[in-house]
Each structure stands twice: as C-alpha cells, then as structure tokens.
Amino acid sequence: MDEYTIIVPDNDVLSCICGTNDKNLQLIEDHLGVPVFTRGNEISVENAAPEICQKFQFIVDRIIDEIKAGGRDSEDVIHTVLNTKKSPSSEEVVIMVPGAVRRIYPRTQNQAEYIAILQQKDIVFCTGSAGSGKTFLAVAEALRLILSHKKNKFIITRPVVEAGENLGFLPGNLEDKIDPYLRPLRDAMESILPVEAVKRLFDAGIIEVAPLAYMRGRTLNNCVVILDEAQNATYAQIKMFLTRMGENSKMFITGDPTQIDLPKKTTSGLMNSIGILYKIEDIGFMELTSEDVVRNGLVKKIVRAYENEKEQF
C-alpha cells in the first residue's frame, strides 16, 4: 500500500491538525477523497495520486503556518484552509516574501482571486471593507517583488486628507509629517518582515513614502507603487497618479468607498475611475466584501451591520 507521509515534530501542532477525536482529519480526508491517518508524529495519506499528495502537503504546511502564526482555533483554521483550496490557477495561491517571518495565504476565495490578479496584472484596483485584506495583500505582493529583485523600489502613497491639522504646522520633516497617514502600511510590512528588515529598506531608500500630491511630474520606472485610501483621491488625482507609470512598473490602488473623508462638495474619484477603465483588459479589478473581513470576528459583524443599515435607506 503506497503512502505519502509528512513528519510533524511538534506534537501540539499535530494535535491541532488532527482536532478533537480526529474531527479535522476527517475534514481533510473528505476534501482529498483518500484515507488520512496518523502514526506517532507522522501524518499520511494512502493510495493517493501525485497531485493529491501535492495538495495534501500544501494543506498540512499551510495549517502548520496558520497555527504557529496566529494560534487560532484549529477547526477554524482547517475550514479556512479547505474553503480557499480552489485556487484561480493551477498552482496553490501563496505569497512567499524572501526573509518573511511567515508565508501569506488567502483566507477566503475572493482573497485567493485577488492575489492571482495582483500577480498577473500591472495595474490593479481593489475596493473592500475595512479588514478585508485589500491593503495587506497588496503590501505583501509589493514586498515579494522588491525582495525577489523583480522591482527596484516600493513607493507607498495616499491622499493626505487633513482633519483639523495642516501638514505645514505638524512637527518634523516631510516623512515625520506623513507617517501618521501611512502608519497602517508600515504596520502591515512589520507583520510580514522583521522590524529591523523594514527599517533597513526605508533607510536604503528602497521603500519610499510620499503624499499623493508629490507624484506629479514623476515617471515611476521599475517599481511597485501602492495608492492606499484611494476613495479620498479626486478623479484628477487618480488620473495623474496612473499616468506616472513608467517601464516595468506595477500599481495597486486600494480603497473603501464607504469611508470617504473628502469635503462634502468634492467627489471621490475611485469609483469614477473604475467605471472609466473597467473595459481595459490589462487592468485588474477586485471587490472584497464583509465576507472577506479577517480581523477580529466582531469587525465582520460591525461591517455587516453598517451594510444592512445602508440597504434600508
């Protein structure tokens, strides 16, 4: 009888993979369609074709990564992994950033499709609720591109929509002034790479931050650029941003149309731009929903509640 065996040295992790009364093993077995069993610190499948063995290896590797990274409930991890196993391509969907503290996997099918679009298209628009992963996954893919030497520079920008304070009166240099606006992107980077590695990338100028207004007049060659909070950019600003694109570059535009902070008489350019550009096949578009929210479960409930209220009016 042919077996494909994976050794799991950590007994606690193996116990999480198996679940109470081997409930998780049964889920994996049903998903693969072949027997799955454990013996000592080994987990194996029987009579499996090579492609099933490959899927089995990927599932176990990802479960181990998820458990070690977050320590979430093992049954929740199993369901998350199996529910996103149908990838949009023939390869398993994962972002592997050189030097990262963990591999980046999609938590939902929409996120899997989003990663595939990020890797296939040079310009990608993604809209979604807070916590849906639209910015985090874009940052992960950008880091993969620069650390695998496919791009030379990573530029992050967002509209500076002021709320009671003028940039000119904030203390420090330009980077100090805009750091509060770009802090969420740096937090995302530091959850993927060691903090020291992120600092080195900034110090070396490989990662650059700039207000959206500072993009005018530039030609961005051989780099990956993220425009975050694009719902707070005007039509003219997004047009200006997109036309900065140079040779061998990629641009990721992310935003949440439900969180517009522009003055009342100023129209957001995000959805307007998507409506103008959606017929261009070389541009990718993705919409994430409350179902893709992967923060605290309470955040998903909050987002749904606001969506339901909006539908009533």
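What counts, and at which threshold
- Residues numbered from 1 in each chain as written.
- Predicted model: local features only at pLDDT ≥ 70, side-chain atom pairs only at ≥ 80, totals over all residues.
- Heavy atoms only, no water.
- Helix = DSSP H or I, 4+ residues; strand = E, 2+ residues; numbered from the N terminus.
- Buried < 20%, exposed > 50% of the residue type's maximum accessible area, 1.4 Å probe, protein only.
- Contact = heavy atoms within 4.5 Å.
- Areas by Shrake-Rupley, 256 points an atom, 1.4 Å probe, with all protein chains shown as cover.
- pLDDT = per-residue confidence, 0-100.
- Axes fitted to C-alpha atoms, helices over the stretch in contact; angles between N-to-C directions.
- Parallel < 35°, antiparallel > 145°, perpendicular 65-115°, else oblique.
- Left-handed = near helix turned anticlockwise from the far one by under 90°.
- Nonpolar A, V, L, I, M, F, W, Y, C, P; charged D, E, K, R; others polar.
- Polar contact = N/O pair within 3.5 Å; in protein donor to acceptor, adjacent residues only side chain to side chain.
- Core = buried A, V, L, I, M, F, W, Y, C linked by side-chain atoms within 4.5 Å.
- Arc of directions from axis to C-beta.
- Pairing = 2+ DSSP bridges.

### Quick look at the overall build of the chain
Summing up its helical and strand segments, the chain has eleven helices and nine strands in all. Put simply, the chain has 313 residues, and 47% of those count as buried. When contacts within the chain are restricted to residue pairs at least 6 apart in sequence, those whose partners lie at least 24 apart make up 73%. Just so you have it, the chain exposes about 16200 Å², and 49% of that area is on carbon and sulfur atoms.

### Considerations on the confidence of the model for the chain
Close inspection of predicted coordinates is inappropriate for parts of the model with low pLDDT. Averaged over all residues, the pLDDT of the chain equals 83, while 83% of them reach at least 70. Low pLDDT (under 50) marks residues 87–91, which in the prediction has six contacts with non-local residues, meaning those over four places away or in another chain.

### Regarding the packing of helix 5 (residues 109–120) against helix 6 (residues 134–147)
In the contact formed by helix 5 and helix 6, the axes pass within 10 Å of each other and the chain directions differ by 40 degrees. In terms of axis orientation, helix 5 runs oblique to helix 6. Where helix 5 crosses over helix 6, the two elements pack in a sense that is right-handed. Contacts between helix 5 and helix 6 involve Gln111, Tyr114, Ile115, Leu118 and Gln119 on the former and, on the latter, Lys134, Leu137, Ala138, Glu141 and Arg144. A per-class count over the contact of helix 5 with helix 6 returns five nonpolar, two polar and three charged.

### Observations concerning the environment of Pro184
With respect to the helices, strands and loops of the structure, Pro184 is situated in helix 7 (residues 174–190). The class for Pro184 is partly exposed, based on a relative accessible area of 43%. When the C-alpha positions of Pro184 and Thr135 are compared, they lie 8.9 Å apart, and in sequence the two are 49 residues distant.

### Examining the environment of Thr243
Residue placement: Thr243 occurs in the loop between helix 9 (235–242) and strand 8 (250–255). For Thr243, a relative accessible area of 48% corresponds to the partly exposed category. Along the backbone, Thr243 and Thr219 are 24 residues apart, and their C-alpha atoms lie at a distance of 8.3 Å. Within the local environment of Thr243, its side chain forms a polar contact with the side chain of Arg244, the two groups lying 3.1 Å apart.

### Topic: the packing of helix 9 against helix 10 (residues 270–277)
Helix-helix packing is described using two parameters, namely the angle between the two axes and the distance between the axes. Two numbers describe how helix 9 lies on helix 10: the axes approach to 8 Å, and their chain directions differ by 55 degrees. Here helix 9 lies oblique to helix 10, going by the angle between them. Between helix 9 and helix 10 lies a crossing of right-handed hand. Of the residues in helix 10, those in contact with Tyr235, Ile238 and Leu242 of helix 9 are Leu270, Asn272, Ser273, Ile276 and Leu277. Taken together, the residues of the contact of helix 9 with helix 10 break down into six nonpolar, two polar and no charged.

### A few points about the nonpolar core
Ranked by internal contacts, the top residues of the largest apolar core, which has 38 residues, are Tyr114, Leu143, Phe154, Ile156, Met189, Ile207 and Ile226. Elements represented by at least two residues in this core include exactly helix 5, strand 4 (123–127), helix 6, strand 5 (153–158), helix 7, helix 8 (195–203), strand 6 (207–211) and strand 7 (223–227). Considering every element that reaches this core, the biggest residue donor is helix 6, with eight residues. The contact partners of Tyr114, leaving out residues within four places of it in the chain, are Val124, Cys126, Gly133, Lys134, Leu137, Ala138, Thr254, Met286 and Leu288. Grouped together as the second largest cluster of nonpolar side chains are 25 residues, Val34, Val45, Phe56 and Val60 included.

### Quick look at helix 1 (residues 11–18)
At 3.6 residues per turn, the α-helix brings residues three or four places apart onto the same side. Along helix 1, the positions that sit buried rather than exposed are Val13, Leu14, Ile17 and Cys18. Seen from one end, helix 1 has its buried residues packed into an arc of 140 degrees, which puts them on one side. The residue sitting at the N-terminus of helix 1 and contributing the capping side-chain oxygen is Asp10; that oxygen lies 2.9 Å from the backbone nitrogen of Asp12. One or two steps after helix 1, the chain reaches Gly19, where phi turns positive at roughly 80 degrees.

### What about helix 9?
Considered for burial, the residues of helix 9 that qualify are Ile238, Met240, Phe241 and Leu242. The inward-facing, buried residues of helix 9 contact strand 4, strand 5, strand 7, strand 8 and helix 10.

### Let's talk about the sheet that holds strand 6
Overall, parallel pairing links the six strands, which are arranged 6-5-7-8-4-9 in an open sheet. Every interior strand has two partners, whereas the edge strands, strand 6 and strand 9 (283–287), have only one. The average angle at which neighbouring strand axes cross in this sheet is 15 degrees, direction not considered. The pairing of strand 5 with strand 6 spans five bridges and is parallel. Along strand 6, the bridge assignment pairs Arg158 with Pro211. Lying on the sheet, helix 10 is in contact with strand 4, strand 8 and strand 9; it crosses strand 4 at an angle near 130 degrees.

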